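Working through the structure, step by step
Chain residues, written in single-letter form:
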There are 2 protein chains.
Amino acid sequence: MATPPTQGTALLTDHYELTMLQAALQSGTAHRRSVFELFPRRLPEGRRYGVVAGVGRALDAIERFAFDAPTLAFLEEIVDGPTLEWLASYRFSGDVWGYGEGEAYFPFSPLLVVESTFAEAVLLETVLLSIYNHDSAVASAASRMTLAAGDRPCIEMGSRRTHEEAAVAAARAAYVAGFAASSNLAARQRYGVPTTGTSAHSFTLLHDSEADAFRAQVDALGKDTTLLVDTYDVAAAVRLAVETAGPGLGAVRLDSGDLAVLATQVRAQLDALGATGTRIIVTSDLDEHAIAALAAAPVDGYGVGTELVTGSGHPTCGFVYKLVAHESASGEMMSVAKKSVDKISVGGRKYALRRRTASGVAEAEVVGIGHRPVDDGDDRALLVPLVRDGEVVGRESLDDARARHLASRAELPVASQQMSRGEPVIPTVHE
Amino acid sequence: MATPPTQGTALLTDHYELTMLQAALQSGTAHRRSVFELFPRRLPEGRRYGVVAGVGRALDAIERFAFDAPTLAFLEEIVDGPTLEWLASYRFSGDVWGYGEGEAYFPFSPLLVVESTFAEAVLLETVLLSIYNHDSAVASAASRMTLAAGDRPCIEMGSRRTHEEAAVAAARAAYVAGFAASSNLAARQRYGVPTTGTSAHSFTLLHDSEADAFRAQVDALGKDTTLLVDTYDVAAAVRLAVETAGPGLGAVRLDSGDLAVLATQVRAQLDALGATGTRIIVTSDLDEHAIAALAAAPVDGYGVGTELVTGSGHPTCGFVYKLVAHESASGEMMSVAKKSVDKISVGGRKYALRRRTASGVAEAEVVGIGHRPVDDGDDRALLVPLVRDGEVVGRESLDDARARHLASRAELPVASQQMSRGEPVIPTVHE
């Protein structure tokens, strides 16, 4: 189903990764066994949990991380001959473990553990962080929106408010976190995300009358379509919509005004016209709080744009990628971490499990340093193999990721469902 | 210089653009002459001005907006046969006018005026908005940062905190708005943005000692390199850095702690060691306010990441793309706009100039509806031809865009330089 862009990903990388590589090749440290970890120091302020997304895209990026001839020619400006030679045969040959896509995460969750040589692993830093920081920010916001929406579908329609390729990734991440559909056609083509569409005000304005526009849309797309009813007067448009499509009209969309008040009026009007099955879709700068506030209104679906693709106030997750262990001159693995009071890192190869009560409620994020924490019987291991000896082994369908997200979110304590600001809903414990 | 991705852009588009097209083709309105306008309803809250970026990328996207055989095969799921047939020969054949890249903008500035048939112009909505909303958000933040930095260079290093392709566009937009360089290699390859790099804590941690790491870096990259001095103890590292590279060391980088205090201490230490020419580069979650607060500190350059690529609190501009005029059934052009109290649009084809005093200070954004506002002698027309009869005529170098930005910013009233929240620094006047 997925037909991702076929370009290489090797230059989606910071300059210093290449110059560090050159220096390490020259000093003889480049091939030391190393462990890098991708992790969050914290959740976005006030959030109770985060959601991992981008795993599948990261695996694609690792597979496409290679230096072809034009790329090497370009890099002659940056690095020396021996480095170019090493890059020419670069393929990641190590192991990657990580949280499954859709999994909930907490501060210091070891989301990715990359084990290889320093040279191989350091080069992946930028692109892995880009993918995880973006996609997880969107999924983390999306999960709160689908929680707030309950059984009502959320539709992603934010493509126009973010970078055109970020839009495709955002549609994918939102789908992982429970959105029902997207407006983005490339997300459908590459990833199989369902798409839907209504129509824009421009379509109504183009026609000589609203009646002409509604007739044109129903003739072309059938009466199950969604008619946009707020270009001129909502009540008049709703009447016209039902006249045009009949009481079997699929849906109407409201994109402005006081949505709770309008939805109630429109529901009453639709019911009076016999269009009791016609749904009401609302859009217009919705976020999780606006969705929650509409819970009592007769709304059948939410179209979410800007706030979804910008992470609802938190457009990036702040994940970092740090060297946590490496082979020393004597060949032993040693744990390392920067000494800093304001930017904490914990050295050592990590393992993680979600501690759960006997009834399956999450209690803690347990991170073992250098060893696997002991499962006390009801726990769940969090790191799954993603790449083994350079081969991607962790590919899965988006529907599997959706299912994981629902299951992971369902086992969190009920406080995770509060939209108000608070602390992480379970503590992180280092062992 | 630019070698952009070669993929088509046609599916970076919302589903409804295609279904509206189908309905308009069927109703006979698809080929009505139409004018769409891309504009902001407001500046981000508290900002004094915005900066247009993405113009060159938008022109690339228009050129690559075409439906090849696999794309058409995919679209069989979405639209009918006649629509597919029309799409197969789609090339934008109309005219586009727009603000030049790097230009300052204000509420209701007509940033793009797209004149063509409805069918041709409506399809471009999503991708044009994606590019303008993203790139202008980054450039608008970047411009405030380079203002705050004065003569000191700003270096873009936020790739890891945003989507991997958004990162490339962000590096480009930051360069337009006065950044000196970026860390992003693809931005260098595609757009000629200068890149620089220092090294990461992982490089120091990989080596058996900080001395080994510094030696390795200086041996490989020369003494003009930038050494990262906050992995362990800053004062010890600065001493070691000068011992290793000599007093001709290029720069040191501080990435944590109280940067103003540390920079002052490090400057004194460097000077005492004879390294009076060694620069101090600071990084660590800088935004325009942090940069301004460091104005009195002995800092030589700012590395900016997260806050740059996320638009410093405003990751998207909220630009919209609206039908403002179209041919009626009788063949006359008529102005149109949605009637809404909370989402204002102004109908009619727009023209714009920046009204200036005799001494060249901007006074107002004058937007003419249906006619060109009269230049009172010191004014500057803002719309330049970008596409004529489907041919791109507005391509220019990034350096031209940089120069335009500097000139445009320099003519704004001095209040534009305040980092505090305020109103748009000049009013928008509709004529």
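Residues numbered from 1 in each chain as written. Chains lettered and ligands numbered in written order. Predicted model: local features only at pLDDT ≥ 70, side-chain atom pairs only at ≥ 80, totals over all residues. Heavy atoms only, no water.

Our focus in this paragraph is the confidence of the model for chain A. Residue and element names in this part refer to chain A. Averaged over chain A, the pLDDT score is 96; the fraction of residues at 70 or greater is 98%. Scored below 50 in pLDDT, residues 1–5 makes 14 contacts in the model with residues more than four places away or belonging to other chains. Interface predicted TM-score (ipTM) for the complex: 0.97; the corresponding pTM is 0.97. (pLDDT = per-residue confidence, 0-100. Contact = heavy atoms within 4.5 Å.)

Below, the discussion takes up the interface of chain B and chain A. Tallying the contact residues gives 98 residues for chain B and 98 residues for chain A. Of all residues in chain B, Arg-160, Leu-185 and Leu-206 of chain B bury the most surface against chain A, accounting for 11% of the area lost on that side. Inspection of the chain B/chain A interface yields 14 salt bridges. Between Arg-57 of chain B and Glu-164 of chain A there is a salt bridge; the shortest N-O distance is 2.7 Å. At the junction of chain B with chain A, the criterion picks out 52 residue pairs in polar contact (both at pLDDT 80 or more). With 11 residues, the single largest contributor to the side of chain B that touches chain A is helix α1 (residues 15–27) of chain B. A class-by-class count of the residues in the side of chain B that touches chain A yields 37 nonpolar, 39 polar and 22 charged. (Buried area = accessible area lost by both parts, 1.4 Å probe. Salt bridge = Lys/Arg side-chain N within 4 Å of Asp/Glu carboxyl O. Polar contact = N/O pair within 3.5 Å; in protein donor to acceptor, adjacent residues only side chain to side chain. Helix = DSSP H or I, 4+ residues; strand = E, 2+ residues; numbered from the N terminus. Nonpolar A, V, L, I, M, F, W, Y, C, P; charged D, E, K, R; others polar.)

Between chain B and chain A, the superposition needs a rotation of 180 degrees and an axial shift of 0.0 Å, giving an RMSD of 0.0 Å. Each copy turns onto its partner about a two-fold axis. The overlap is high: 100% of the interface residues of chain B also sit at the interface in chain A, so the same surface is used on both sides. (Least-squares fit on C-alpha atoms with pLDDT ≥ 70 in both.)

Further remarks concern the environment of Gly-313 of chain A. When you line up the elements, Gly-313 of chain A lands in the loop between α14 (306–309) and β12 (319–327). Through-space distance from the C-alpha of Gly-313 of chain A to that of Gly-158 of chain A is 14 Å; in sequence the pair is 155 residues apart.

Below, the discussion takes up the packing of helix α7 (residues 164–176) of chain B against helix α15 (residues 398–410) of chain B. All names here are of chain B. Interhelical geometry of α7 versus α15 gives an angle of 50 degrees and a closest axis separation of 8 Å. Classified by the angle between their axes, α7 and α15 sit oblique to one another. On α15, the residues touching Arg-172, Tyr-175 and Val-176 of α7 are Leu-398, Asp-399, Ala-401, Arg-402 and His-405. In terms of residue class, the contact of α7 with α15 is made up of four nonpolar, one polar and three charged. (Axes fitted to C-alpha atoms, helices over the stretch in contact; angles between N-to-C directions. Parallel < 35°, antiparallel > 145°, perpendicular 65-115°, else oblique.)

Moving on: the packing of helix α2 (residues 55–63) of chain A against helix α6 (residues 125–149) of chain A. Residues and elements named next belong to chain A. At a minimum axis separation of 9 Å, α2 and α6 run at an interaxial angle of 160 degrees. One way to sum up the angle between α2 and α6 is to call them roughly antiparallel. Of the two elements, α2 crosses α6, and the hand of that crossing is right-handed. Contacts between α2 and α6 involve Val-55, Arg-57, Ala-58, Ala-61 and Ile-62 from the first element and Val-127, Leu-128, Ile-131, Tyr-132 and Asp-135 from the second. (Left-handed = near helix turned anticlockwise from the far one by under 90°.)

The next point concerns the UniProt feature "domain: Nicotinate phosphoribosyltransferase N-terminal" (unreviewed entry) in chain A. The positions that UniProt labels "domain: Nicotinate phosphoribosyltransferase N-terminal" (unreviewed entry) are, in the present scheme, residues 11–132 of chain A. In the segment residues 11–132 of chain A, helix accounts for 41% and strand for 19%; the C-alpha atoms at its two ends are 17 Å apart. (UniProt positions renumbered as here; feature names shortened; annotations may be inferred.)

We now examine unusual backbone geometry. Positive phi values are uncommon outside glycine, yet Ser-312 of chain A reaches one of about 45 degrees. Within the secondary structure, Ser-312 of chain A sits in the loop between α14 and β12. Ser-312 of chain A gets classed as buried once you look at its relative accessible area, which sits at 11%. Here Ser-284 of chain B, not a glycine, exhibits a phi torsion of approximately 115 degrees, which is positive. Looking at the secondary structure, you find Ser-284 of chain B in the loop between β10 (279–282) and α13 (288–293). Ser-284 of chain B gets classed as buried once you look at its relative accessible area, which sits at 19%. (Buried < 20%, exposed > 50% of the residue type's maximum accessible area, 1.4 Å probe, protein only.)

Okay, the sheet that holds strand β7 (residues 181–182) of chain A next. All names here are of chain A. Strand order in the open sheet formed by six strands is β7-β6-β11-β10-β9-β8, and the pairing between neighbours is parallel. The open sheet has two free edges, formed respectively by β7 and β8 (226–228), since each of these has just one partner strand. Both strand β6 (residues 154–156) and β7 contribute to a ladder of two bridges, which runs parallel. Paired with Glu-156 across the strands is Ser-182, a residue of β7. (Pairing = 2+ DSSP bridges.)

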